[in-house]
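# Analysis of the macromolecular model
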Amino acid sequence: MSFDYDLFVIGGGSGGVRAARVAAGEHGAKVGLAEMDRYGGTCVIRGCVPKKLMVFASGFGDVVERANAYGWDFGGGPFDWSRFRTRLEGELERLEGVYRRLLKDSGVETFDARARLRDPHTVELSTGETFTAKHVLIASGGRAVRPALDNAGLGIVSDDIFHLDRLPETILILGGGYIACEFACILHGMGVGVTLYCRGDQILRGFDDEARGLIAEQMRARGIEIRTATNIAALAPAEGTEGGRGPLRVTATTGEERTFDTVLFATGRAPNTPDMGLEDVGVELGARGEILVDEYSQTTVPSVYAIGDVTDRINLTPVAIREGMAFVRTVFGGTPTPVDHELVPSAVFTQPEMGTIGLSEEEARAQGPVEIYATSFRPMQTSFIDRPEKVLMKLVVCSETRRVLGCHIVAPDAGEMIQLAGIAVKMGATKEDFDRVVAVHPTMSEEIVTLRAPVRS
């Protein structure tokens, strides 16, 4: 049977674009790709990249104060959101152009359209065109979701932050995950009064307890109000406003009523699978709508594969890219390559940042005896000017094998540190391997190789 394409990719995010480019450019496959929105996907257009640029911008909020404490005589001023947003939009347009050019240069035919499956080998576009493909790769990503709450449409989601005409004076953020906490720190750093409602008893559920506890402490010390065990019971326009334009009146589950300029829902993301014809052709979905795949990213329909957030495995851009590369090696390279989801380092870009890889202390204890090596201290740069910021360096070690099961860092630039520490952990380094490395002095990170005695076991 002949097909229009060897591969048709649904989704122009980082994972789908990488798979399309490599299949076409390195393996000579005829590839088509459809994207319904902007090329670059969540990460480039409404996620990692613009968020990290906002992290950079927000970090300058107290630079004048710190510089003055070190002896400089600088003046300050308010943050200019309009100027920053204009530059941000220009950068995102540039990056989208790069993605389009990379696809074109690799010989991938692109379609600015929404795609859905008509049968296991046929893709139907919103333009009315249909194409057949030997293999279909779904990389449609995820989407922000709103809670089941009356008037939820009055609030915004993380995608909307980058398009605000102006920053609010006050904002309520609902959620305790990394997106909620990152935007709480970003917006506070830009001068917004931030309150965060977290339904759990602590923020950043799933991360190491000691690390997330320090982040919560530092967020509060900076002036961010965190209310745990609190949800929104009711949301409505404040008195005197019309059509949801203007302040919002929020009733908490504690009974307290308050008014905020904006409410941000950071309550999670869901796989982008609705109305794609998946179940009609036999692709099995999970309880959250995620596409179920095997270790080679193959669905229950042999010709259909899926990678990235739409599979709800590990929802990180570098993981989606690796899944795309493994798919290409498996299908077009003749080398079946399972995806490696073990020991993936990650970072949470709060202030301070958290970098983490491996098991939390709680997860490790559930598996067997461990030793915990940890230290929390005020780093030289801030202790010199008598600021309260603290950092954490922590290793979770198996008592029997001495292998480092987890590494957790809370500190400025923790994301940069964990990338390098992650190499050692991924290689199976022991605590004694860390000890044999000479410290780089004076640095914060030297503490990770000078932790001599366990603080608990």
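What comes next concerns the included structure.

Calculation rules
Residues numbered from 1 in each chain as written. Predicted model: local features only at pLDDT ≥ 70, side-chain atom pairs only at ≥ 80, totals over all residues. Heavy atoms only, no water. Axes fitted to C-alpha atoms, helices over the stretch in contact; angles between N-to-C directions. Helix = DSSP H or I, 4+ residues; strand = E, 2+ residues; numbered from the N terminus. Left-handed = near helix turned anticlockwise from the far one by under 90°. Contact = heavy atoms within 4.5 Å. Nonpolar A, V, L, I, M, F, W, Y, C, P; charged D, E, K, R; others polar. Pairing = 2+ DSSP bridges. Salt bridge = Lys/Arg side-chain N within 4 Å of Asp/Glu carboxyl O. Buried < 20%, exposed > 50% of the residue type's maximum accessible area, 1.4 Å probe, protein only.

## Some points on the packing of helix α3 (residues 48-58) against helix α5 (residues 81-105)
Interaxial distance between α3 and α5 falls to 11 Å at its minimum, and their mutual angle equals 145 degrees. As for how α3 packs across α5, the hand of that crossing is right-handed. Together, Val49, Pro50, Leu53, Met54 and Ala57 of α3 and Trp81, Phe84, Leu88, Glu91, Leu92 and Leu95 of α5 make up the contact between the two elements. Within the contact of α3 with α5, the residues separate by chemical class into ten nonpolar, no polar and one charged.

## Looking at the sheet that holds strand β18 (residues 346-348)
The five strands lie next to each other as β18-β19-β22-β21-β20, forming an open sheet whose pairing is antiparallel. With partners counted over all chains shown, the strands left at the sheet margins are β18 and β20 (370-377), one partner each. The mean inter-strand angle of the sheet, taken between neighbouring strand axes irrespective of direction, is 10 degrees. In the sheet, β20 pairs with strand β21 (residues 391-398) via eight bridges, with the strands oriented antiparallel. From the neighbouring strand, Ser376 faces β21, where its bridge partner is Leu392. Helix-sheet contacts for helix α8 (residues 209-222) involve β19 (353-358), β20, β21 and β22 (404-411), and the interaxial angle to β21 is about 170 degrees.

## Here's the deal with the environment of Val22
Along the polypeptide, Val22 turns up in helix α1 (residues 14-27). The spacing of Val22 and Met325 is 303 residues in sequence and 7.6 Å in space, taken between C-alpha atoms. Apart from residues lying up to four places away in sequence, Val22 is in contact with His27, Met325 and Val328.

## Some points on the pattern of salt bridges
This structure, assessed with the given rule, holds 36 salt bridges. Residue Asp62 is joined to Arg66 by a salt bridge in which the shortest nitrogen-to-oxygen separation is 3.2 Å. Since its relative accessible area comes to 18%, Asp62 is described here as buried. Classification of Arg66 as partly exposed rests on a relative accessible area of 24%.

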